[in-house]
Each structure stands twice: as structure tokens, then as C-alpha cells.
Amino acid sequence: MLKAIIIDDETLILDNLSYIFQQLENATLLKAYADPAQALEEYAYLKPDVVIVDINMPSMNGLEFAEKLRLLDDQANIIFLTAYDQYAIDAFSVHAVDYILKPVTTSKLKKSLARIQGKEDAHAEQLPASETTGHPLKIPGLLNNRIHLLNPADVLYIEVNQRSVSCCTGSEVYQLKHNISYWEELLSGKGWFRCHRCFLINLNQVAEISQMFHNTYEVRLHHCQTVIPVSRTYANAFKKYLGL
């Protein structure tokens, strides 16, 4: 059974969540807090399996709370609550397990807790680790107000469109938090190649390469209609990398 604590500055939210936990069979609420500082002080004593925290709090917001909590327990399972979906990607900067938009319902909470239960049941050694952070190497993408942890091998390409950064799996397009240079560095040496200032491609997904004018190329990927350009800036490195 999962043991949880919740932190929110709104009494009605705390009461609602406390009531929802009473209806659950596989989870129990250890304590509800209006003060995030008190929750941090008592965390080591309570040892909860999951921490549910509101992002938008006046004294200490949820992201600040999560950063402090990571210093106490870098494996803590964090679920964020908020009324504003623009914080979704920010939530994963502190490696949150999930993100729930208010109002919280029993079904929403059950889904989030199920993700944690699945995480607890999984074998951590089966997940590839990032050499730069030590955390499992996943690409957190936002779609329909939920964050999905994507395996890099399943992603076809990452694209910059104006100031928005996204990744495509062929069937879905997910919004990403960091700029393309961040992903280029993180995925370096893992079969990914920066072929254009706006594109980073998964070379394992390349189906066809066409040579174009002025020492440029076009790339077509498996299960993808988008034609990816290889600019002159990256063409020589591209040829050398693939032995063309």
C-alpha cells in the first residue's frame, strides 16, 4: 500500500484529497500539510512513498519545495497539483512522476498513483541511465496536459519551430521543455545527429537519404511523412558520420 503526504495552502483542496484517499484501497494518507516547511521537517520521520504538492503556494512554491526535498531524498516520488497547465514541463525539471490539473478527482489520482506503483514494481537496472545526470534517460514530453516519459529509441526527431521545441514519434507530437542544444548534448553518442539548426534526428530511424543541390541532403524517416533537411553546415559531418 502506498503511503502519501499532501501539501497545499488551500484547506478545501486538502479536505478534498483527504476524502479521496479514504475511498482508495491501495493507498493511505499519512498527513496533510498547509505549510511546506513543516512537511520537509517531518519527511524523514514519516517516510512516505509519494508526495503530492501544489505548485502555486505563497510561502514556498511546489518547485522550490521539490528542489529542497531532492536534497533529503533524491528518489522521492513527487506528484504536482496546479490549476495552470503551463507548469507541466517545469514539473519534470525536478523529476516529478506526474502532474495533475485541478480539480483533483478520484480517477485522476488513481492514474497518478498507478504510475508510481508501476515504478516501484519495475527493476531500476532495466532503465538506461543518463551519463550527465544519473537519472534514467527519458524524454519528458507534454501532450494533452499530461507528461509522457518517452524512450529516445522511439522518438524520430526533435524540432524547433520558432521558440517551441517538440519531438515526434510518428503517431504523436510532444512539447519539450529545453532547447535543442540541450537535447543534442544529452543524446550525444546515442545514435542522434544534429542535421540542421532546427532538427535533431534519430539515425536509427533513417529510412532514406537523398542528395540535393549545394552539398545538402534530405532525410526520410520510418513511419514519418516529414522530410528532414540536412543543411550545408552539417553536411560534411553527416557524410563522415554515416560513411557516405
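Below is a short write-up of the structure. Since the structure is predicted, the reported quantities are computational estimates derived from the model, not experimental observations.

Note that the residue after Lys-102, namely Pro-103, is joined by a cis bond; omega there is 0 degrees. Even without glycine at this site, Lys-47 takes up a positive phi of about 50 degrees. As for its position among the elements, Lys-47 is in the loop between α2 (36–46) and β3 (50–54). Residue Lys-47 is classed as exposed on the basis of its relative accessible area, which comes to 60%. The backbone of His-223 sits at a positive phi, close to 55 degrees, despite the residue not being glycine. Exposure remark for His-223: the relative accessible area of 73% places this residue in the exposed category.

What follows deals with the sheet that holds strand β15 (residues 227–230). Within a sheet, neighbouring strands are paired by backbone hydrogen bonds and run either parallel or antiparallel to one another. Strand order in the open sheet formed by three strands is β13-β14-β15, and the pairing between neighbours is antiparallel. At either margin of the open sheet sits one strand with a lone partner, and together these are β13 (206–211) and β15. Adjacent strand axes in the sheet meet at a mean angle of 25 degrees when their direction is disregarded. The sheet contact formed by β13 and strand β14 (residues 217–221) spans five bridges and is antiparallel. Bridge assignment links Val-206 to a residue of β14, and that residue is Leu-221.

A contiguous nonpolar surface patch, about 360 Å² in accessible area, is contributed by Ile-209, Tyr-241, Leu-242 and Leu-244. In this fold, Tyr-241 is placed in helix α7 (residues 232–242). Tyr-241 gets classed as partly exposed once you look at its relative accessible area, which sits at 46%.

With that settled, consider the pairing of strand β10 (residues 173–176). Of the two faces of β10, only one is covered, namely that formed by Tyr-174 and Leu-176; the face formed by Val-173 and Gln-175 stays uncovered. For strand β9 (residues 164–168) and β10, the ladder comprises four bridges, and the chain directions are antiparallel. Note that in β10 the partner of Cys-168 across the bridge is Val-173. Here β9 hands over to β10 after four residues, with Gly-170 in that stretch at a positive phi of 105 degrees.

A word on the pairing of strand β1 (residues 2–7). For β1, the tally of buried residues reaches five of six residues, placing the bulk of the element in the interior. Strand direction decides the pairing type here: β1 and strand β2 (residues 27–33), joined by six bridges, are parallel. Each residue of the ladder has a partner; that of Ile-5, found in β2, is Lys-31. With respect to chirality, the unit in which β1 leads through helix α1 (residues 11–23) into the neighbouring parallel β2 is right-handed. When β1 meets β3, the two strands line up parallel, connected through four bridges. Counterpart to Ala-4 in the pairing with β3 is Val-50.

Basis of the calculations
Residues numbered from 1 in each chain as written. Predicted model: local features only at pLDDT ≥ 70, side-chain atom pairs only at ≥ 80, totals over all residues. Heavy atoms only, no water. Helix = DSSP H or I, 4+ residues; strand = E, 2+ residues; numbered from the N terminus. Buried < 20%, exposed > 50% of the residue type's maximum accessible area, 1.4 Å probe, protein only. Pairing = 2+ DSSP bridges. Axes fitted to C-alpha atoms, helices over the stretch in contact; angles between N-to-C directions. Patch = residues over 30% accessible without salt bridge, like charges linked within 9 Å, V, L, I, M, F, W, Y side chains within 5 Å. Areas by Shrake-Rupley, 256 points an atom, 1.4 Å probe, with all protein chains shown as cover. Salt bridge = Lys/Arg side-chain N within 4 Å of Asp/Glu carboxyl O. Right-handed = clockwise from strand over helix to strand, strands pointing away.

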